[in-house]
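Spelled out from the first residue to the last, the chains are:
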Amino acid sequence: MPDNNQNSMTQEVTLTFQIKAGNPFDLKKKKEILEKLSRLPMDDQERIEQIVTNDKALKALKSKWAMLKMMFK
């Protein structure tokens, strides 16, 4: 009998795509970041999706990046 929790609703897919990097170290770092992104909780992934798919959100992120970046330190 299927479990009726959120995990039973989760589906996974394996993707293959090209990543541009200046050197092998940058490539490894980008790969690790993308793998970490794939393991984020669904609500965090959805927030990031909004930034990636919404031009207004992306523009706002770019304009506020300096302020946001200071919050990470």
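Note that the structure is predicted; figures quoted are calculated from it, not measured. (Residues numbered from 1 in each chain as written. Predicted model: local features only at pLDDT ≥ 70, side-chain atom pairs only at ≥ 80, totals over all residues. Heavy atoms only, no water.)

S.K.: Even after reading the chapter, I still don't get the confidence of the model for the protein chain, so can you show me in this structure?
M.R.: Predicted coordinates in areas of low pLDDT are best not read in detail. With 88% of its residues at a pLDDT of 70 or more, the protein chain has an overall mean of 87. Below pLDDT 50 for its whole length, residues 1-6 participates in one contact with residues either more than four positions away or in separate chains. (pLDDT = per-residue confidence, 0-100. Contact = heavy atoms within 4.5 Å.)

S.K.: For this particular structure, what's the right way to read the packing of aromatic side chains?
M.R.: Aromatic ring pairs: the centre-centre distance and the angle between the two ring planes describe each pair. Under the counting rule described, the total for this entry stands at one aromatic pair. With centroids separated by 5.8 Å and ring planes inclined at 65 degrees, the aromatic side chains of W65 and F72 adopt a geometry described as edge-to-face. Judged by its relative accessible area of 58%, F72 falls in the exposed class. (Phe/Tyr/Trp six-rings, centres within 6.5 Å; stacked < 30°, edge-to-face > 60°. Buried < 20%, exposed > 50% of the residue type's maximum accessible area, 1.4 Å probe, protein only.)

S.K.: Please explain the side chain of Q45 as it appears in this structure.
M.R.: By the secondary structure assignment, Q45 is in helix α2 (residues 42-53). There is a polar contact of 3.0 Å between the side chain of Q45 and the backbone oxygen of L40. What Q45 contacts, discounting residues up to four positions off in sequence, is L37, S38, R39 and L40. (Helix = DSSP H or I, 4+ residues; strand = E, 2+ residues; numbered from the N terminus. Polar contact = N/O pair within 3.5 Å; in protein donor to acceptor, adjacent residues only side chain to side chain.)

S.K.: How should the layout of surface pockets be read in this particular structure?
M.R.: Think of a ball as big as a water molecule: rolled over the atoms, this probe shows where empty space is left. The space that makes up the largest pocket amounts to roughly 850 Å³. Along the wall of the largest pocket there are 24 residues; nearest its centre are V13, L15, L37, S38 and Q45. Put simply, the parts of the chain that give the lining of the largest pocket at least two residues each are α1 (24-38) and α2. By residue number, the principal contributor to the lining of the largest pocket is α2, which donates six residues. (1 Å grid on protein atoms, 1.4 Å probe; cavity = no way out; pocket = protein on both sides within 12 Å on 5 of 7 lines; lining within 4 Å. Points joined across faces, edges and corners; volume = space filled by probe spheres on them.)

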